[in-house]
Structure formats: structure tokens, C-alpha cells
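If you want the building blocks of each chain, they are given just below.
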Amino acid sequence: MRSVGIIGGGLAGVALAALLGGRGHAVTVYERDRAGGKLRREQVGAVTFDTGPSLFTFPEVWRAYVERVGEPDPLDLRPLPGGLGVHHTPFGPVPLPVPPDHPLHPHWRSYVRTAAPLRPHLTTLLTTPPRVTDPAFLRAARALFGVTGRHPTAHAWLRAQRLPPALEHALATHALNAGVTPWDAPALYALIPALLDGQVYRPAAGMGALLDTLLALAGRRGVVIRTGCAVTGLRATTLELDGGETVRHDVLVSAIDPTRLAALRRHSTRSPVGRRTVSGFVLYGVLDRPLPLPYTSIVPPDDFRALRRALRAGALPDSTLTMVHHDPPRVTVLISMPATGAAPSPDHPWVQAELRRVARRLDVPDLLPALRDARTLTPAHYVLGGHPGGAIYGAAAPAWRAGPLHPQPYHVAPGLWQVGTGVHPGGGIPAILGGALIVNTLMAERDR
Ligand SMILES: Cc1cc2nc3c(=O)[nH]c(=O)nc-3n(C[C@H](O)[C@H](O)[C@H](O)COP(=O)(O)OP(=O)(O)OC[C@H]3O[C@@H](n4cnc5c(N)ncnc54)[C@H](O)[C@@H]3O)c2cc1C
């Protein structure tokens, strides 16, 4: 048994803590705020919101995780009606998946068929250490290259498919799952809607149930979680905590943004605005009337190229990617914006203009008047425990380095490992859980 210190109590830190605790290690998680990181509970009037992730994708990764932990799956995952939602492109609305009676359905089917050879390998890509010596990983990597071919980016791959503009625009939106535009995201991201084939989930008790479950799994494995306890420095395997305490562990794991880790190690840190993933202005509102909205609506930017220019310059784009989740009486509006650490108010002219564009596209003029109570989270909030500027997925890697094949910095120094957003490409729930499984495997190999 070894003593392991984990810096950061977001989903990644708690998920790995449960795995390590299950292998008999004495694990302590140090969290500067409260456990959960980007997934936290906020009260808006009388209504509770789970902030951060709203779509639970690739549940096979979650199942692989609970299997490794060795407990029955306690999360009652329910498919979300409407799958990935209606994408209100400038060429017309496109529901994904495209239903059989829709004129775009034949194109959708051929797109899904093109991606099909990769489907059986996706869990391997997300949960297996990327080593060419591993036959399963090699097969998965070959399947990925077989589908993406000579097209390194989402934009190039989609162009090569010669899809109708509305479908191409809707699919291109999913590059932003990597926090960047289709020109900068690996081709894999253009395949996400096909690989999901409409299967998007949410725990029956809401996204907060994921955090509750991870905390319970960690607790049953003896993990100690010290909340309100910021790490202020790190030397070898000794942590310096605010208040002056120092704690020595046998091994440390960073579950914080790699730039924050570099600062704790007193290494030089650089994060130019143009090389950050997007941040967000998120409005959590309570509705005073029913609205004719499905669970998920997506309003893509009118022009991805203009969005890319704006993000690179740290400027506010003319139009951006906005997602609306409607779970009456709750509505969540997530407006993507450059990671500049800004704190725009809901009355900011740019926010108001984007909200009006969204209301027009969705044809719901009541969207704003129907808000009874609301609160917002801005890039200034995401800066606090995350990447500079509040970049949700950390630094933006070039497309060729951002896929599952690039060499991962899981083991950063003797006795120091790394997990979570900004380490495993993608940064969403499947990437984080998959990354925790990978780091657990690599650490177990060292333990032997
Ligand atoms: C608005 C929004 C919508 C999203 N939607 C989705 C979605 O639909 N589906 C999906 O899969 N993903 C989604 N994501 C992404 C997903 O929520 C995040 O990638 C994930 O929650 C990040 O987990 P993490 O543990 O890696 O990082 P974090 O949640 O950032 O956790 C890091 C933790 O480290 C702590 N910390 C930082 N510095 C220190 C320090 N010095 N000492 C101690 N603690 C420290 C922080 O306080 C924080 O709690 C969304 C994210 C956002 C913000």
C-alpha cells in the first residue's frame, strides 16, 4: 500500500481516487473549493441545477469504469429524447440523428455507414494506454485511420464526404466538443454524431448523480477528500497547502489543468489566447411558462471561419455556438466564447445579441421574457480552478496532436502522474473516465 495525493477533486480526480483506493492505496484528494469541479450544484431561486456537463455520451466507457471498480452500475442512465438535438443551421434545421422521414436521411445513413468500422473500437481508443505494442490499440488505431484517411481535420474530412450543406454544417458543430473549430479539431470529432448514432444519456436523477456515485465509490474505498484545501506548491512528492502545511506522499497525481500544475512546480507557463479552447457564458434560468422546445437545441455559428478568426484573436464573434437544454422549469443556455477570463453580464450587448439570434432561430420569442430567475457562470468563473482565460478544455493542441494517438503526458516526472481535462484529448466525461482507467492501468504496471 502506498500513499497517493491527488491534486484536484473534479470528476477526474475523484474517479481515479476510487480506482486507486480499490487497489489498496491510501488516497487523499486535495480540492481548493468543493468536490465536483465543473460539475456542481447551484441553487437558482427554488430550483437546483447541476452545472457543467449535460450530455452523457459513450456509456460503454462508464460501464468499463464501474466494472473495473468492481461494483454493479448504480447510475440509471436514460436516453435523452431527441438524441443530440435539433441543429438550427443557416441552411435549415437538422435533427441529429436524422429521422427516416427527413429528406437528409439517406445522406445521414451513408455518413453513419462510413464511420461504422470505427464504432467497435471506440471504447478501446478511450480506455487503453496508447501503445503500438498493444494489438487491441493497434487495431483501433488502424480502424481510425481507415475511416479518417488522409484528412487530418474535421473540416477536411467533412468536405471529402460531399454532404448537403445543412448536414455538413450540423456535423461540423461537433468539432467544438474539442473546444475548437472544425479547422483545428481532428477528423474524429466530425464522426461523433455517427459514432453516437443518437444515443445520448443522462442519469435519471440528473448529472449530479454521477458526482454522488463517484464520491460514494471513493468513500467506500477509504479515500479522504479534503475540500477547501488548495495546493500552493509541489516539490517532488511533497505538497504545500495553503495555510503553510506540507504533506509528503509516495506518489502524486495532478487532476488539475496542466498549466496550473506547471505553475505549482514553478515551471514557466505560457498560454497565448489564440491557442486556448473555448470558454463559455452559461445562463441557468427558471421558466415561468412552458416553452415549445425539445430537450436539446443547438444553434451553430453562421460562419465557422469567422468564429475561428475571432477565437484566435480573443475577440467576440458575430455569431457563435450556443446550446439550449430545456428541462422544465429549467433552461440552460451555453454560449461559447473566447477564453479571455471576461465576466460579461447578461445585459452585455454581445450576450443580448446572441440570445436574440438564438430566440429567432428557435422561433421562441418568449425565451428571454419567460425567465423568472437566472444566474450565470462566465469565463471569469472557469479561470478560478481551470486553465487561463477559463478555457473549458485547456490548451488547444494542433489537430495531429489532439487525437487519441498522440503520446500522452500521463507520467510527467518520477512520482508524478496526470489525469483529467487537458491531458486526455476531448476532456468530456468519456475522455475523463477513460483517462482515469488508463492512468490506473499504467500506475498498476509500475506497482508490480
Ligand atoms: C458549461 C460546460 C458544459 C459541458 N458540457 C459537457 C457535456 O455535455 N458532456 C461532457 O461529457 N462534458 C461536458 N463538459 C466538460 C466536463 O464537464 C469537464 O470536462 C469535466 O467536468 C472536467 O473534469 P476535471 O476533473 O478534469 O476538471 P475540473 O472539473 O476542472 O476539476 C479540477 C478541479 O481541480 C481543482 N483545483 C484546481 N487547482 C487546484 C489547486 N491548486 N489545489 C486544489 N485543487 C485545485 C478545481 O477547483 C477543480 O475542482 C462541459 C463543461 C462545461 C464547463
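Everything quoted here is computed from the prediction, not taken from an experiment.

A. Local environment of the overall build of the protein chain. Of the regular secondary structure elements, the protein chain holds 15 helices and 20 strands. For 448 residues, the compact-globule formula gives about 22 Å, and the C-alpha radius of gyration of the protein chain, at 21 Å, lands near that figure. With the principal axes as the frame, the protein chain shows a C-alpha extent of 60 × 50 × 45 Å. Expressed as a percentage of its 448 residues, the buried residues of the protein chain come to 50%.

B. Quick peek at the sheet that holds strand E20 (residues 416-418). Spatially, the 6 strands line up as an open sheet ordered E9-E2-E1-E13-E20-E19, and their pairing is mixed. Each end of this open sheet is capped by a strand with a single partner; those strands are strand E9 (224-226) and strand E19 (411-413). Each adjacent strand pair in this sheet contributes to an overall mean axis angle of 25°, direction not counted. Helix H1 (residues 11-22) contacts strand E1 (3-7), strand E2 (26-30) and strand E13 (251-254) of the sheet and is inclined by roughly 170° relative to E2.

C. Representation of the UniProt feature "domain: Amine oxidase" (unreviewed entry) in the protein chain in the model. The UniProt record annotates "domain: Amine oxidase" (unreviewed entry) at residues 11-266. Spanning residues 11-266, this segment combines 37% helix with 19% strand, and its end C-alpha atoms are found 25 Å apart.

D. Representation of the site of the ligand within the structure. Around the ligand sit 35 residues, and of these Gly8, Gly10, Gly37, Gly385 and Gly428 come closest. Within the residue set of the shell around the ligand, elements represented by two or more residues are H1, strand E14 (279-287) and helix H15 (429-447). Here the shell around the ligand takes 3 residues from H1, the largest share from any one element. Looking at side-chain class alone, the shell around the ligand contains 16 nonpolar, 14 polar and 5 charged residues. Counting contributing residues per domain, the shell around the ligand is built from domain 1 (3-76 + 204-272 + 400-447) and domain 3 (279-338 + 344-377), each supplying no fewer than three.

E. Examining helix H2 (residues 59-69) more closely. Here H2 has its buried residues at Val61, Trp62, Ala64, Tyr65 and Val69. The buried residues of H2 occupy an angular sector of 160° when the element is viewed end-on, so they sit on one face. Taken together, the buried residues of H2 touch H1, helix H4 (122-127), helix H9 (208-220) and H15. Positive backbone phi, at 90°, marks Gly70, one or two positions downstream of H2.

F. Quick look at the packing of H1 against H2. For the pair H1 and H2, interaxial distance at closest approach is 9 Å and the crossing angle is 30°. Relative to H2, the element H1 is oriented roughly parallel. Between H1 and H2, the contacting residues are Ala15, Ala18, Leu19 and Gly22 on the first element and Tyr65, Arg68 and Val69 on the second. Class assignment of the residues belonging to the contact of H1 with H2 gives a composition of 5 nonpolar, 1 polar and 1 charged.

G. Quick peek at the sheet that holds strand E10 (residues 231-235). The 3 strands are arranged E10-E11-E12 in an open sheet whose pairing can be described as antiparallel. A single partner strand is all that each edge strand has here, and the edge strands are E10 and strand E12 (246-248). If you compare each strand with its neighbour and ignore which way they point, the axes differ by 25° on average. Here strand E11 (residues 238-241) runs beside E12; their pairing, made up of 3 bridges, is antiparallel. Across the sheet, the residue bridging to Glu240 is Thr246, located in E12.

H. Structural detail: the environment of Leu367. Looking at the secondary structure, you find Leu367 in the loop between helix H12 (349-362) and strand E18 (371-377). By the C-beta count within 10 Å, which is 22 here, Leu367 ends up buried. C-alpha of Leu367 to C-alpha of Ile225: the two residues are 142 residues apart in sequence and 40 Å apart in space. Once residues lying within four places of it in the same chain are set aside, the contact partners of Leu367 are Leu291, Ala359 and Leu362.

I. View of the pairing of E13. Residues Val251 and Val253 line one face of E13 and the alternating positions Leu252 and Ser254 line the opposite face, and both faces are buried. Across 3 bridges, the pairing between E13 and E20 is parallel. Following the sheet pairing, Ser254 is matched in E20 by Gln418.

J. Structural detail: the environment of Leu433. By secondary structure assignment, the location of Leu433 is in helix H15. A count of 28 C-beta atoms within 10 Å places Leu433 in the buried class. Separated by 265 residues in sequence, Leu433 and Glu168 have C-alpha atoms that sit 30 Å apart.

K. Structural context of H12. Here H12 spans 20 Å end to end across 14 residues, near enough to the 20 Å set by a 1.5 Å rise per residue. Within the sequence span of H12, burial applies to Val351, Glu354, Leu355, Val358, Arg361 and Leu362. Seen end-on, H12 carries its buried residues on one side only, within an arc spanning 125°. The inward-facing, buried residues of H12 contact strand E6 (85-89), E14, strand E15 (296-299), strand E16 (322-327) and strand E17 (330-337). Where H12 terminates, the next one or two residues include Asp363, which has phi positive at roughly 60°.

L. Structural context of the domain arrangement of the protein chain. When cut into domains, the protein chain gives domain 1 (3-76 + 204-272 + 400-447), domain 2 (81-199) and domain 3 (279-338 + 344-377). Once you take the C-alpha centre of each, domain 2 and domain 3 turn out to be 24 Å apart. On the domain 3 side, the residues contacting the 17 residues of domain 2 number 16 residues. Looking at the side of domain 2 that touches domain 3, the elements that each hand over two or more residues are E6 and helix H7 (165-172). The element best represented in the side of domain 2 that touches domain 3 is E6, accounting for 5 residues. Considered class by class, the residues forming the side of domain 2 that touches domain 3 number 9 nonpolar, 8 polar and no charged.

Cut-offs applied
Residues numbered from 1 in each chain as written. Predicted model: local features only at pLDDT ≥ 70, side-chain atom pairs only at ≥ 80, totals over all residues. Helix = DSSP H or I, 4+ residues; strand = E, 2+ residues; numbered from the N terminus. Rg over C-alpha atoms; globule rule 2.2 N^0.38 Å. Buried ≥ 20, exposed ≤ 12 C-beta atoms within 10 Å, placed from the backbone. Pairing = 2+ DSSP bridges. Axes fitted to C-alpha atoms, helices over the stretch in contact; angles between N-to-C directions. Contact = placed C-beta atoms within 7 Å. UniProt positions renumbered as here; feature names shortened; annotations may be inferred. Near = placed C-beta within 6 Å. Nonpolar A, V, L, I, M, F, W, Y, C, P; charged D, E, K, R; others polar. Domains from an automatic or database assignment. Arc of directions from axis to C-beta. Parallel < 35°, antiparallel > 145°, perpendicular 65-115°, else oblique. Expected span 1.5 Å × (residues − 1).

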